[in-house]
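The lines below spell out each chain.
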There are 2 protein chains.
Amino acid sequence: MKVSELGEFGLIELLAKIVGGTGSDVLVGIGDDAACWRTDASIQLATSDALIQDVHFTLRTTTWRELGWKGLAVNLSDIAAMGGLPKYALVSLGLPGDTEVKSVVELYEGMAELTHLFDVAIVGGDVVASPIVMLSLAVVGTTQNILTRSAAVPGDHIAVTGYLGASAAGLVMLQRGLRFDKEIAASLREAHLKPYPRVVEGQTLARHGVRAAIDLSDGLVGDLAKLCKASGVGARLFIDRIPIHPSVHTAFKDDRLNLALSGGEDYELLFTSSVEVIDKVKRLMPCPVTVIGEIVDEEPGRVRLFDEQGNEAKLEKGGWEHFAHH
Amino acid sequence: MKVSELGEFGLIELLAKIVGGTGSDVLVGIGDDAACWRTDASIQLATSDALIQDVHFTLRTTTWRELGWKGLAVNLSDIAAMGGLPKYALVSLGLPGDTEVKSVVELYEGMAELTHLFDVAIVGGDVVASPIVMLSLAVVGTTQNILTRSAAVPGDHIAVTGYLGASAAGLVMLQRGLRFDKEIAASLREAHLKPYPRVVEGQTLARHGVRAAIDLSDGLVGDLAKLCKASGVGARLFIDRIPIHPSVHTAFKDDRLNLALSGGEDYELLFTSSVEVIDKVKRLMPCPVTVIGEIVDEEPGRVRLFDEQGNEAKLEKGGWEHFAHH
């Protein structure tokens, strides 16, 4: 059945069933003019991010389920990068009338996988007709301590969670139809289409004294430059210490450093703090943490790369920017 | 200059200046991974709504400034319909690369007009490349008492704020290029493109004992039916009492009742309560309030129309539904 046959209100009712069962503090969920919930005195966080067909994804290589996961994951990652606990999501979905209802159900099932993992309630949104698929999400969260881009200070070490480069490598693989060993191909695909938001990690950082963080969406060097600019500092990156994803090492030997430095969409957390705090949080974090550089008192936003011998290295190209010509 | 020349980050910096100057409870606004603010123990509300080019608006008849106003207004109206005070907005904007920066500035100025009127802070969002213009907003608000669609009970009177039909009449005028007296044309255009969200009115209702409300986005009869369905009740509407907008009376004499009953996008509030409560709030409301019907114990969601002589009348066509074929 097509969504044009089911109609807007029938579709909303169907989708509400998939993501229903909201938490006890939700007073009003899907189906009224707005969602409502009770809150205690706290810090609230909110973020929104949109995915546009053939700009951010293509249905030629992305399943509807993966699209649902990724659309929500990138928003959860933003909340995680602020040290927050994501709680409520609003989904605005644009769909051509001839979209199969089954596809929309799969999209919501992809989101539901993540809402169950992180106890997030989808409390509202809307479904509208659109010539292309458009998925716009807003997520609201809560926290007691926040991480910001503007809190890095000279002397801080720079650390990153997990491994880098696999998402961009996955994109290249899908775009060019490259073939690799089955396990490597699966890990690259998953890195690109099902990124795992570092929600628990972000809260661990915020609770244990870290103050500066950003999530890696546009590429390590570009995002680090943004953090540095916001903090009025510069940075030195030690390229031999970058934790390149093992599958990228194997599948993209020549391009691996470039993919890790500027590939984008890794959704790992980059954070800075004193060496003492980083040593402490390293032991508490449920994922690998690697120190890859240091914050310096230099031109704000300037990021310089150095190899093991202390020689300065050049970045081949910048991170990904919407609208910009490369 | 085109947005592709300025680039995503330059554009975000420019737009942040237009809507900057956030309230004192905002800890982090535009420019970090998420926005943050402090909140007391309360009820929080959230809603989101998207406007898609050539589905919800056309740039042939809508100015960018009007688009900005309307995109925010329809979300504020949803918060108003729950009795909430809108506080924070997130803007996800999809734009073709060849969009003039000047146009985007006007769009934001249109939103800024409303944020100043209602003391709402635009705290975040994103700007993405898109083949068509797409404006998706999420608004978060706060309240102590909520209005819902599910609180109507038999015996309640049904009341509505302001006058109906002018937005749909404005749409017909713009679509067909109809020409009217200058003042009438201006009032119809404004009703359609610059709807005024009933924020103060919604809070007045919630504070003074009203419990059931909905905002009129899809048409009086269709929206009343939704409220009735959610409340498990039916309704009788007295068509001779419908407050038809004066400009619609003049310009659409033959179609005036149909426009008021099912035209949609009036963004007035429809609410139900005991006659005593309605008498009280009528005196407190800063806008006209008209009693137009009553809630009855009948098939849930059934709305019947009656004329002054007590004869049942038929609705010519239903409200507007996305994807549905009329």
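Description of the structure in this document. Because the structure is predicted, anything quoted here is derived from the model rather than measured. (Residues numbered from 1 in each chain as written. Chains lettered and ligands numbered in written order. Predicted model: local features only at pLDDT ≥ 70, side-chain atom pairs only at ≥ 80, totals over all residues.)

### Let's talk about the overall build of chain A
(1) Moving on: The secondary structure content of chain A amounts to 11 helices and 13 strands.
(2) Moving on: Taken over C-alpha atoms, the radius of gyration comes to 20 Å for chain A, in line with the 20 Å a tight globule of 326 residues would show.
(3) Moving on: Counting all 326 residues of chain A, 57% fall into the buried class.
(4) Moving on: Contacts spanning at least 24 positions in sequence make up 86% of the contacts within chain A whose residues lie at least 6 apart. (Helix = DSSP H or I, 4+ residues; strand = E, 2+ residues; numbered from the N terminus. Rg over C-alpha atoms; globule rule 2.2 N^0.38 Å. Buried ≥ 20, exposed ≤ 12 C-beta atoms within 10 Å, placed from the backbone. Contact = placed C-beta atoms within 7 Å.)

### What to know about the sheet that holds strand β7 (residues 157–161) of chain B
Sheets are built from strands that pair by backbone hydrogen bonding, the pairs being arranged parallel or antiparallel.
Residue and element names in this part refer to chain B.
(1) Moving on: Taking strand neighbours across the sheet as the criterion, the 7 strands line up as β8-β10-β7-β11-β9-β12-β13 in an open arrangement whose pairing is mixed. In this open sheet, the two edge strands, each paired with only one partner strand, are β8 (212–215) and β13 (312–313).
(2) Moving on: On top of the sheet, helix α8 (residues 220–231) reaches β7, β8, β9 (234–238), β10 (269–273) and β12 (303–306); it is set at about 145 degrees to β8, its chief contact. (Pairing = 2+ DSSP bridges. Axes fitted to C-alpha atoms, helices over the stretch in contact; angles between N-to-C directions.)

### Some points on the sheet that holds strand β11 (residues 289–296) of chain A
Residue and element names in this part refer to chain A.
(1) Moving on: With respect to topology, 7 strands assemble into an open sheet ordered β8-β10-β7-β11-β9-β12-β13, the strand pairing being mixed. Strand pairing shows two members of the sheet lacking a second neighbour, β8 (212–215) and β13 (312–313), which therefore form its edges.
(2) Moving on: Pairing geometry for strand β9 (residues 234–238) and strand β12 (residues 303–306), over 4 bridges, is parallel. Paired with Ala235 across the strands is Val303, a residue of β12.

### Points about the interface of chain B and chain A
(1) Moving on: Counting residues at the interface gives 63 residues for chain B and 63 residues for chain A.
(2) Moving on: Take the side of chain B that touches chain A: its biggest share by element is 10 residues, from strand β3 (residues 42–52) of chain B.
(3) Moving on: With 5 bridges connecting them, strand β2 (residues 35–39) of chain A and β3 of chain B associate as antiparallel partners. In the strand pairing of β3 of chain B, Trp37 of chain A is matched with Gln44 of chain B.

### What to know about the packing of helix α2 (residues 8–19) of chain A against helix α4 (residues 101–118) of chain A
For any two helices packed against each other, the geometry is given by the interaxial angle and the distance between the axes.
All names here are of chain A.
(1) Moving on: Two elements in contact, α2 and α4, have axes whose closest approach is 9 Å; the angle formed by their N-to-C orientations is 30 degrees. Between α2 and α4, the angle is such that the two are roughly parallel. Viewed along their axes, α2 and α4 form a crossing whose handedness is right-handed. Note on element contacts: α4 touches α2 through Val101, Val104, Val105, Tyr108, Glu109, Met111, Ala112 and Thr115, opposite Leu11, Leu15, Ile18 and Val19.
(2) Moving on: Looking at side-chain class alone, the contact of α2 with α4 contains 10 nonpolar, 1 polar and 1 charged residues. (Parallel < 35°, antiparallel > 145°, perpendicular 65-115°, else oblique. Left-handed = near helix turned anticlockwise from the far one by under 90°. Nonpolar A, V, L, I, M, F, W, Y, C, P; charged D, E, K, R; others polar.)

### A few points about the nonpolar core
(1) Moving on: Within the largest apolar cluster, 212 residues are counted, with the highest numbers of intra-cluster contacts made by Leu224 of chain A together with Leu224 of chain B.
(2) Moving on: Residues contacting Leu224 of chain B, with those up to four places away along its chain left out, are Ile158, Ala235, Leu237, Leu270 and Val303 of chain B. (Core = buried A, V, L, I, M, F, W, Y, C linked by C-beta atoms within 7 Å.)

### Some points on unusual backbone geometry
Most peptide bonds take the trans form, and the phi angle of most residues other than glycine is negative.
Residues and elements named next belong to chain A.
(1) Moving on: A positive phi angle is found at Asp119, which is not glycine, with a value near 55 degrees.
(2) Moving on: Within the secondary structure, Asp119 sits in the loop between α4 and β5 (121–129).
(3) Moving on: Taking the number of C-beta atoms within 10 Å as the measure of exposure, Asp119 has 11 and is therefore exposed.

### Description of the pairing of β10 of chain B
Residue and element names in this part refer to chain B.
(1) Moving on: Burial analysis of β10 places 5 of its 5 residues in the buried class, the great majority of the element.
(2) Moving on: What you see with β10 is no split at all: Leu269, Phe271 and Ser273 on one side and Leu270 and Thr272 on the other are buried throughout.
(3) Moving on: Here β7 pairs with β10 via 4 bridges, running antiparallel. Across the sheet, Ala159 pairs through a bridge with Phe271, a residue of β10.
(4) Moving on: Alignment of β8 against β10, held across 4 bridges, turns out to be antiparallel. Opposite Ala213, over in β10, you have Phe271 as the bridge partner.

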